[in-house]
Amino acid sequence: MGTKKYDAIIIGGGHNGLAAAAILARRGWRIGVFERNPSLGGAVQTRELTEPGFRHDLAAMNLSQFAGSAFHQEYAEDLARHGLSFAHADDCFASVFPDGRWFGVSKDVSTTVARISEFSAADAVAWTDLLKNFGEDAPHIFSVLGAPMTLSSLAKTGWKIWRQRGSGFILQMIRLLVSSPRKFLDETFESPEIKTTLAAWGMHLDFPPDQSGGALFPYLEAMGNQSFGMVIGKGGAETMIRALAGMIKEAGGDIYTDAPVEEILVKGGKADGVKLRDGTVYRAKKAVIANVAPSALTRSGLLKSGTGNEAFDRGAVNFAHAPGTMMIHLALDGLPDWAAGEQLKKFAYVHLAPSLQMMANVYTQAKNGVLPAEPVLVVGQPTAIDDSRAPEGKHILWIQVRVLPAQISGDEAGEITGREWADVKDAYSARALSILERYAPGIQKKVIGSAVFSPDDLQRENPNLVGGDQIAGSHHLSQNFLFRPVLGWADWKTPVDKLYMVGASTWPGAGVGAGSGTMLANRLNG
């Protein structure tokens with residue numbers, strides 16, 4: 001029996017690789033997807049991590065980006081036919097503060113504006129104005145974020161925007177793209193609580209309050225949630241992965257799990273196929289698409305001879321990852337009893353990040369290798385939105401602990417002496433839960449079961465999450481847009497002919513919008 005041949009081989013079963021595979025398979029390409037783990041999905045997985053019947057999203061929970069993506073717009077009927085289903089959250093995100101107050105954004109504009117008015121009448125007006133402008137500005141912003149990151153594409157997109165909105169708008173958009181969260185928020189609002197609530201979203205993408213380039217995500221998340229609400233996966237985020245896999249298989253594609261790729265084979269300067277860890281070889285006629293972190297495409301990774309391009313290889317080795325994350329999954333007898341108010345039980349996310357100063361300090365500590373005394377907590381309450389994820393009357397919590405060092409050099413609180421995550425995981429998760437206890441008294445008495453993933457654990461689960469970096473690479477300006485992942489290679493190509501990259505480490509970056517997989521597949525079959 002000869003070596004099996006495909007038109008394209010996809011390395012890694014993350015959602016970007018699956019999106020590319022689905023598009024190409026539907027267009028007649030013979031597709032083979034190879035995933036190292038028993039399950040597809042990468043950071044988008046749902047498992048019974050604690051107790052039977054409690055379905056936890058391992059990492060990604062919010063599927064709003066996918067619901068609004070170009071892929072979903074084109075293939076919504078096919079995805080629904082293969083089981084994709086969303087649960088809609090009208091109460092999207094909130095922050096609680098040490099003085100017992102809270103602020104939250106709900107889809108109903110009047111509700112949100114009324115909450116803002118309790119902090120500042122001027123900010124209520126500013127929010128309304130921002131929302132009005134968002135309706136006019138968002139299509140142009142998304143046209144940039146949804147376009148290939150090449151000079152020709154940028155020129156074409158910029159020309160269209162200039163013709164419709166003029167030079168003034170383009171300059172304002174560029175200013176927003178390079179501003180820090182604090183700069184944008186200080187210019188827009190006066191209430192510290194409103195600023196803090198929005199700035200917390202910057203921490204999701206490696207943007208502390210004073211980091212240039214960090215204003216965009218808090219702006220888009222706030223206005224997007226206000227305009228459209230939020231969605232999570234009905235029954236778990238894996239509904240998205242199952243639907244993508246169903247599309248691939250229906251179109252004749254092959255999916256292999258427990259199939260780690262050991263090497264990308266190169267012949268005559270072109271990607272020719274892959275060799276699995278068990279020695280099996282598969283050939284690719286048109287493309288090998290690697291859904292991997294840049295460091296995997298080095299001599300110590302999948303390309304045993306490197307790419308032959310010194311600048312690319314150096315950029316791949318030096319690709320900067322964001323600080324780490326700890327995930328805490330809880331099975332509960334009931335939702336948290338938030339001291340700030342019962343209304344908080346309805347929100348998809350509750351941030352425990354009480355000030356800009358606190359977020360700035362935490363980030364600096366983590367970057368210096370120090371365990372923060374009080375990290376940022378992102379508390380997801382998926383069963384407040386979708387009760388199918390737990391037995392009747394029970395609930396789950398999804399807790400991100402941000403931001404943490406990959407390599408530990410000390411503890412800001414002076415309590416933890418260990419320097420390896422295997423040694424300090426339990427102590428640090430206990431610290432995080434004690435913080436939650438302050439805001440939701442009695443929560444620890446409601447715990448039925450728990451599962452904790454340290455930054456090391458997350459990397460073992462998914463090698464793309466280097467050091468527990470859940471966004472697969474910092475989005476600072478020096479590593480975003482034309483510089484993601486490496487200057488000169490932001491169009492998903494690599495120096496090896498017919499070898500391409502997709503995933504969160506490539507443009508347009510982290511999230512579940514399937515942008516890189518969709519844009520690359522459309523280009524390959526264009």
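Scroll up to find the structure.
Residues numbered from 1 in each chain as written. Predicted model: local features only at pLDDT ≥ 70, side-chain atom pairs only at ≥ 80, totals over all residues. Heavy atoms only, no water.

**Description of the overall build of the chain**
Move 1: A count of helices and strands for the chain gives 15 helices and 20 strands.
Move 2: Long-range contacts, defined here as pairs at least 24 residues apart, represent 72% of the contacts in the chain between residues at least 6 apart.
Move 3: Seen as two clouds, the 51 positive and the 54 negative side-chain charges of the chain have centres 9 Å apart. (Helix = DSSP H or I, 4+ residues; strand = E, 2+ residues; numbered from the N terminus. Contact = heavy atoms within 4.5 Å. Lys, Arg positive; Asp, Glu negative; His and termini not counted. Charge placed at Lys NZ, Arg CZ, Asp CG, Glu CD.)

**Let's talk about the pattern of salt bridges**
Move 1: Taken as a whole and assessed by the stated rule, the structure comprises 34 salt bridges.
Move 2: Between R389 and D57 there is a salt bridge, with its nearest N and O atoms 2.8 Å apart. Highlighted residues: R389 in the loop between β16 (376-380) and β17 (395-404) and D57 in strand β4 (residues 56-57), separated in sequence by 332 residues.
Move 3: A relative accessible area of 1% places D57 in the buried class.
Move 4: Of the charged contacts, one joins R389 and D386 as a salt bridge, the two residues approaching to 3.2 Å between their closest N and O atoms.
Move 5: Judged by its relative accessible area of 0%, R389 falls in the buried class.
Move 6: Here the salt bridges do not stand alone but share partners, grouping R26, D78, R81 and E250 into one network. (Salt bridge = Lys/Arg side-chain N within 4 Å of Asp/Glu carboxyl O. Buried < 20%, exposed > 50% of the residue type's maximum accessible area, 1.4 Å probe, protein only.)

**Here we look at the packing of helix α8 (residues 192-204) against helix α12 (residues 356-367)**
Move 1: At a closest axis distance of 9 Å, the pairing of α8 and α12 adopts a crossing angle of 20°. Here α12 runs roughly parallel to α8, going by the angle between their axes. Crossing of α8 against α12: the hand is right-handed. Facing K195, T196, A199, A200 and M203 of α8, the residues of α12 in contact are L356, M359 and Y363. (Axes fitted to C-alpha atoms, helices over the stretch in contact; angles between N-to-C directions. Parallel < 35°, antiparallel > 145°, perpendicular 65-115°, else oblique. Left-handed = near helix turned anticlockwise from the far one by under 90°.)

**Quick word on the environment of A121**
Move 1: Positionally, A121 belongs in helix α5 (residues 121-145).
Move 2: Once the C-alpha coordinates of A121 and P208 are considered, the two residues, 87 residues apart in sequence, prove to be 27 Å apart.

**Digging into the pairing of β17**
Move 1: Among the ten residues that make up β17, ten are buried, leaving the element largely enclosed by the rest of the structure.
Move 2: Direction of pairing for β16 relative to β17: antiparallel, over a ladder of five bridges. Paired with V378 across the two strands is Q400, which belongs to β17. (Pairing = 2+ DSSP bridges.)

**Structural notes on the packing of helix α4 (residues 109-117) against α5**
Move 1: Running from amino to carboxyl end, α4 crosses α5 at an angle of 150°, the nearest separation of the two axes being 7 Å. Between α4 and α5, the residues in contact are V109, T112, V113, I116 and S117 and A121, D123, A124, W127, T128 and L131, respectively.
Move 2: A per-class count over the contact of α4 with α5 returns seven nonpolar, three polar and one charged. (Nonpolar A, V, L, I, M, F, W, Y, C, P; charged D, E, K, R; others polar.)

**Notes on the sheet that holds strand β7 (residues 102-106)**
Move 1: Taken in spatial order, the seven strands make up an open sheet running β7-β6-β14-β16-β17-β13-β19, and their pairing is mixed. Only two strands of the sheet have a single neighbouring strand rather than two, namely β7 and β19 (447-453). Mean inter-strand twist for the sheet, computed between neighbouring axes without regard to direction, equals 15°.
Move 2: Where strand β13 (residues 324-332) and β17 come together, eight bridges link them in antiparallel fashion. When the sheet's bridge partners are listed, L330 is paired in β17 with L397.
Move 3: Where α4 meets the sheet, its contacts fall on β6 (91-96) and β7, and the angle it forms with β7 comes to roughly 160°.
Move 4: Against the sheet, helix α13 (residues 421-439) contacts β6, β13, β14 (349-352), β16, β17 and β19, and its axis sits at roughly 60° relative to β13.

**Quick look at helix α1 (residues 15-26)**
Move 1: Given a rise of 1.5 Å per residue, twelve residues ought to cover 16 Å, and the 16 Å separating the end C-alpha atoms of α1 matches this to within 8%.
Move 2: Most of α1 sits inside the fold, with eleven of its twelve residues counted as buried.
Move 3: Burial in α1 covers these residues: H15, N16, G17, L18, A19, A20, A21, A22, I23, L24 and A25.
Move 4: At its buried positions, α1 is contacted by β1 (4-11), β2 (31-34), α3 (70-81), α10 (238-250), β12 (281-290) and α15 (515-524).
Move 5: Phi for G28, located one or two positions after α1, is positive at around 95°. (Expected span 1.5 Å × (residues − 1).)

**Details of the nonpolar core**
Move 1: Core analysis: the biggest nonpolar cluster contains 117 residues, and F66, F71 and Y219 have the highest contact counts within it.
Move 2: A total of ten residues in this core trace back to one element, the largest contributor, which is α5.
Move 3: Residues within four places of F66 in sequence aside, it is in contact with F71, H72, L79, L84, F86, M240, L244, V512, G513 and A514. (Core = buried A, V, L, I, M, F, W, Y, C linked by side-chain atoms within 4.5 Å.)

**What to know about unusual backbone geometry**
Move 1: Of note, the amide linkage connecting R484 to P485 takes the cis form, showing an omega dihedral of 5°.
Move 2: Summarising the element assignment, P485 is placed in the loop between α14 (455-461) and β20 (499-501).
Move 3: Between W507 and P508 the backbone carries a cis peptide bond, its omega angle lying at 10°.
Move 4: If you trace the backbone, P508 turns up in the loop between β20 and α15.
Move 5: You will see that K498, though not glycine, has its phi angle at about 70°, which is positive.

**Structural notes on a nonpolar patch on the surface**
Move 1: Together, L171, I174 and V178 line one region of the surface with nonpolar side chains, adding up to about 270 Å² of accessible area.
Move 2: Looking at where V178 falls in the secondary structure, it is placed in helix α6 (residues 151-178). (Patch = residues over 30% accessible without salt bridge, like charges linked within 9 Å, V, L, I, M, F, W, Y side chains within 5 Å. Areas by Shrake-Rupley, 256 points an atom, 1.4 Å probe, with all protein chains shown as cover.)

**Looking at the side chain of S95**
Move 1: Position of S95 among the secondary structure elements: in strand β6.
Move 2: The buried category is assigned to S95, whose relative accessible area is 0%.
Move 3: Ignoring sequence-local partners within four residues, the contact set of S95 consists of R101, W102, F103, T197 and H351.

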